[in-house]
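Next come the chains, spelled out residue by residue.
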Amino acid sequence: NQLTKLSTSDNQTPFFTSEESHLLATLPPQNNIQQLSAEQKRAAFLSLTDILFTYAYDHRTTDGDPTVESSWTVMILSPSMAWLENYNPPYDTVADVVR
């Protein structure tokens, strides 16, 4: 089992116990997107849109070569990341990113 080969030091002590490894291996897959309402899915996709806009802006301004401040730029310019904006109508996304 690959999980038991993980170690925290040179003495090869397993990172997970055999019970923990078994528990991790038997966890069911999670698909939380299906549990969201239509309005929540829409808001999540609009938030992703504004993050993609800001990433595209950073990519364009740095000529595709990210700098040490690229993550800061995306975080500050993305309304959903900077102040946890929750979008309802789609035009809000465009309006907030263009500002």
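Scroll up to find the structure this text is about.
These remarks concern the structure in this document. (Residues numbered from 1 in each chain as written. Predicted model: local features only at pLDDT ≥ 70, side-chain atom pairs only at ≥ 80, totals over all residues. Heavy atoms only, no water.)

1. Let's talk about the overall build of the chain
Within the chain, the regular secondary structure consists of five helices and zero strands. Along its sequence from the N terminus, the chain presents helices and strands in the succession α-α-α-α-α. Residues classed as buried in the chain amount to 17% of the 99 residues present. A separation of at least 24 residues holds for 41% of the contacts in the chain among residues at least 6 apart in sequence. Accessible area of the chain: about 7900 Å², with a carbon and sulfur share of 59%. (Helix = DSSP H or I, 4+ residues; strand = E, 2+ residues; numbered from the N terminus. Buried < 20%, exposed > 50% of the residue type's maximum accessible area, 1.4 Å probe, protein only. Contact = heavy atoms within 4.5 Å. Areas by Shrake-Rupley, 256 points an atom, 1.4 Å probe, with all protein chains shown as cover.)

2. Observations regarding the side chain of serine 70
Summarising the element assignment, serine 70 is placed in helix H3 (residues 70-77). With relative accessibility at 7%, the residue serine 70 sits in the buried group.

3. Considerations on a nonpolar patch on the surface
Nonpolar side chains collect at one region of the surface, where Tyr57, Trp72, Met75, Ile76, Leu77 and Met81 lie side by side and expose about 570 Å² of accessible area between them. If you tally residues by element for the nonpolar patch, the top one is H3, at four residues. (Patch = residues over 30% accessible without salt bridge, like charges linked within 9 Å, V, L, I, M, F, W, Y side chains within 5 Å. Salt bridge = Lys/Arg side-chain N within 4 Å of Asp/Glu carboxyl O.)

4. Some words on the packing of aromatic side chains
Within this structure, the stated rule accounts for one aromatic pair. The interplanar angle of 90° and the centroid separation of 4.8 Å between the aromatic rings of phenylalanine 15 and phenylalanine 16 together place this pair among those described as edge-to-face. Under the relative-accessibility criterion, phenylalanine 15 is labelled partly exposed at 46%. (Phe/Tyr/Trp six-rings, centres within 6.5 Å; stacked < 30°, edge-to-face > 60°.)

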